[in-house]
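Here are the chains, one letter per residue:
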Amino acid sequence: MHEIRRMHGPQQVIATSGGPEPPAAGAPDGGRRSWALMVVLSVAQFMVILDATVVNVALPSIARSLGLAAGDLQWVVTAYVLASGGLVLLGGRAADVAGGRRVFLAGLTVFTTASLASGLAPTAGVLIAARAGQGLGAALLTPAALSVIVTSYAGAQRATALGVWGALGGAGAAVGVLAGGVLTTWFGWRSVFLVNVPVGVLAGVAALRLVPRRESRRHLGRELDLPGATLAVAGLVTLVYALAGVPARGWGSARTLGLLAVALVLLVAFAAVERRTSRPLVPARLWRTRSLVAGLVVMLGATAILVATFFLNSLYLQDVQHVSALRAGLGFLPVAVVIGAGAHLASRLLPRSGSRVLVVSGLLVMGAGALLLTGVSAGSGYLTGFLPGLLVVGAGTGLVLPATAVTAMSDIAVDQAGLASGLMTAAHEIGAALGVAVFSAVAVATGGGIAVGYRHGFTVAAAVAGGLAVVAALLVPAVRPAAGTRVAVH
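Residues numbered from 1 in each chain as written. Predicted model: local features only at pLDDT ≥ 70, side-chain atom pairs only at ≥ 80, totals over all residues. Heavy atoms only, no water.

Another point: the overall build of the protein. When its secondary structure is counted, the protein shows 20 helices and three strands. Residues classed as buried in the protein amount to 58% of the 490 residues present. Taking the intrachain contacts of the protein between residues at least 6 apart in sequence as the baseline, contacts between residues at least 24 apart amount to 83%. Working note: accessible area of the protein is about 18,700 Å², and carbon and sulfur atoms make up 67% of it. (Helix = DSSP H or I, 4+ residues; strand = E, 2+ residues; numbered from the N terminus. Buried < 20%, exposed > 50% of the residue type's maximum accessible area, 1.4 Å probe, protein only. Contact = heavy atoms within 4.5 Å. Areas by Shrake-Rupley, 256 points an atom, 1.4 Å probe, with all protein chains shown as cover.)

What follows covers the environment of Leu390. One can find Leu390 in helix α18 (residues 382-409). Along the chain, Leu390 and Phe332 lie 58 residues apart, while their C-alpha atoms are 8.0 Å from each other. The residues contacting Leu390, other than those within four sequence positions of it, are Thr309, Asn313, Gly331, Val335, Leu373 and Tyr382.

This part is about the packing of helix α17 (residues 355-373) against α18. Where α17 meets α18, the axes come as close as 7 Å, and the angle between the chain directions of the two elements is 160°. Taken together, the axis directions place α17 and α18 in an arrangement best described as roughly antiparallel. Remark: the crossing between α17 and α18 carries left-handed chirality. Per-class residue counts for the contact of α17 with α18 are 18 nonpolar, eight polar and no charged. (Axes fitted to C-alpha atoms, helices over the stretch in contact; angles between N-to-C directions. Parallel < 35°, antiparallel > 145°, perpendicular 65-115°, else oblique. Left-handed = near helix turned anticlockwise from the far one by under 90°. Nonpolar A, V, L, I, M, F, W, Y, C, P; charged D, E, K, R; others polar.)

Counting residues in hydrophobic clusters, the biggest one holds 137 residues, and the most contacted among them are Ile62, Phe104 and Leu363. Ranked by residue count, the leading element in this core is helix α15 (residues 290-320), at 18 residues. Leave out the neighbours within four places in its chain, and Phe104 touches Leu41, Ala44, Leu141, Ala144, Ala145 and Ala207. (Core = buried A, V, L, I, M, F, W, Y, C linked by side-chain atoms within 4.5 Å.)

As a further point, take the confidence of the model for the protein. Averaged over every residue, the pLDDT of the protein is 79; residues scoring 70 or more account for 80%. Note on residues 1-30: pLDDT under 50 across the span, and 104 contacts to partners over four residues away in sequence or across chains. In the model, residues 484-490 has pLDDT below 50 throughout and makes 27 contacts with residues more than four positions away in sequence or in other chains. (pLDDT = per-residue confidence, 0-100.)

Before going further, it helps to spend a moment on α15. It helps to recall that an α-helix has 3.6 residues per turn; residues three or four apart then point in one direction. Taking 1.5 Å per residue as the helical rise, α15 with its 31 residues ought to reach 45 Å, and the 44 Å between its terminal C-alpha atoms agrees with that figure. Looking one or two residues past α15, His322 carries a phi angle of roughly 55°, positive in sign. (Expected span 1.5 Å × (residues − 1).)

Under the defined criterion, the tally for this structure stands at six aromatic pairs. On the basis of an interplanar angle of 55° and a centroid distance of 5.9 Å, the ring pair of Tyr316 and Phe386 is categorised as tilted. One end of the pair, Tyr316, is in helix α15; the other, Phe386, is in helix α18, with 70 residues separating them in the sequence. Neither Tyr316 nor Phe386 differs from the other in exposure class; each is buried. Three or more aromatic residues joined by ring pairs make a cluster, and in this case those are Tyr316, Phe386, Tyr454 and Phe458. (Phe/Tyr/Trp six-rings, centres within 6.5 Å; stacked < 30°, edge-to-face > 60°.)

Below, the discussion takes up unusual backbone geometry. The phi dihedral of His322 falls on the positive side, at around 55°, and the residue is not glycine. Assignment of secondary structure puts His322 in the loop between α15 and α16 (325-353).

All right, on to the packing of α15 against α16 then. At their nearest, the axes of α15 and α16 sit 10 Å apart, and the two run at 155° to each other. Comparing the axis directions of α15 and α16 gives the class roughly antiparallel. The handedness of the crossing between α15 and α16 is right-handed. Residues Leu306, Phe310, Asn313, Ser314, Leu317 and Gln318 of α15 form the contact with α16, whose participating residues are Ala325, Ala328, Phe332, Val335 and Ile339. The class makeup of the residues in the contact of α15 with α16 is eight nonpolar, three polar and no charged.

Here we take up a nonpolar patch on the surface. A cluster of nonpolar residues, Val297, Val470, Val471, Leu474 and Leu475, forms a patch on the protein surface that exposes about 430 Å² of accessible area. Broken down by element, the residue count for the nonpolar patch peaks at four residues, all from helix α20 (residues 450-475). Relative to the assigned elements, Leu474 resides in helix α20. A relative accessible area of 64% places Leu474 in the exposed class. (Patch = residues over 30% accessible without salt bridge, like charges linked within 9 Å, V, L, I, M, F, W, Y side chains within 5 Å. Salt bridge = Lys/Arg side-chain N within 4 Å of Asp/Glu carboxyl O.)

Here we come to helix α6 (residues 124-152). Along its 29 residues, α6 runs 41 Å from first to last C-alpha, staying within 8% of the 42 Å computed at 1.5 Å per residue. Burial analysis of α6 places 23 of its 29 residues in the buried class, which makes it a mostly covered element.

Moving on, we get to the side chain of Glu274. Along the polypeptide, Glu274 turns up in helix α13 (residues 254-276). What Glu274 contacts, discounting residues up to four positions off in sequence, is Asp225, Gly228, Pro280, Leu281 and Val282.

With that settled, the discussion passes to the environment of Ser115. Along the chain, Ser115 falls in helix α5 (residues 100-119). A C-alpha to C-alpha distance of 9.5 Å links Ser115 and Leu127, two positions 12 residues apart in sequence. Among all residues touching Ser115, those that are not within four sequence positions of it are Gln134, Phe193, Leu194, Asn196 and Val197. Looking at Ser115, its side chain comes within polar contact range of the side chain of Asn196, at 3.2 Å. (Polar contact = N/O pair within 3.5 Å; in protein donor to acceptor, adjacent residues only side chain to side chain.)

Our next topic: the environment of Gly362. Among the structural elements, Gly362 can be located in helix α17. Sequence spacing of Gly362 and Ala395 is 33 residues, and the spatial spacing of their C-alpha atoms is 7.5 Å.

This is how it looks when you write it as structure tokens:
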């Protein structure tokens, strides 16, 4: 979630990720609305955010239970983030056209049903398909819930609601890694999915009573760019599938090169469809906004490194050092804390140093943390081996993400703020998918699996962070928001 508030000047600009544009002044219902609605929406969104991280520490247990190979295990994570990131713009547009209530309830139903299917999955293929279903539900639920917030609350209530919405991201990530360890250790890996079912049912029953009804303004089928969305998701899935096969087939194999070519064709076709359609998912003028494009590139790369750090360390701690899922989950909590502290520091430094300095510095710090992790071995202790590198990666992430959000939104018109924020959410999710695919492919490409390839994965992560820092130094504008700007990031 990215939220930017510019407090200077005569008007307040609020940009939030993943949803349709805020309505014109006066659109929200008059008077104060009960906070019960916000509680229901927050519970549903918290469940979605938590599910993106809760599964990480359960991965080794899933692999043993369902017989998943190391090279295929990343699809349990990737299927979810690809579906949610690839379809979030379509979900936001659907909420704008069909109404937030209808799309929120549809997304909550899909997410809850897919959670049940994930928890009961008899095979790896069923689990991966069900995880994609969870991602689809999240892509509908998140922007629709945000749409309900901005059309239901006004003034100070809306500001408070959006502040809570932004804070859910960090809280969900922190609770997710711990909850994954607790649930997996005490109740088994299936519980990390099944716990969503009663929560989703209760949230749905409450939403039927509390979420206001609104007329859908236009015909859904005519307003949504379904061909474009289909091509975009197909291209991204093919790309990640090609990368997932690298450990077994190699980078130069006919399979890898053929799939990469197909992915390129699909993504080029998506671009062509977007140029010709009268209602594209993303208007062409947004792609000509340098600050936004730079922000998207940095968001994708930084998220890839961060999520790969969680993924590889979870596997290494449990498979090589034979640490329990609970201890692995607890081991990631300091990272979440440091990310939050870094983001708080970044929000204070931004008005003085500007976004470019923080983005470049943060990426270099992330690279330094990845280099520290290359020194980890089977005999390394947590406090002296893992923790220093994890904390440095977390500190760099905390600097990068808020500065990236400010950069991306700096030149966006008010009427495009919701769409631009949706693009940032998509970059966040797709970066997570590509990060897991690329770095896990590197880590298991050599003989010996994760035990040997762990350091290779983080060597590549350090190189990516350094290269991204050079790109950021050249492309990211030096944006200095006014003092009092508030940034919330997940």
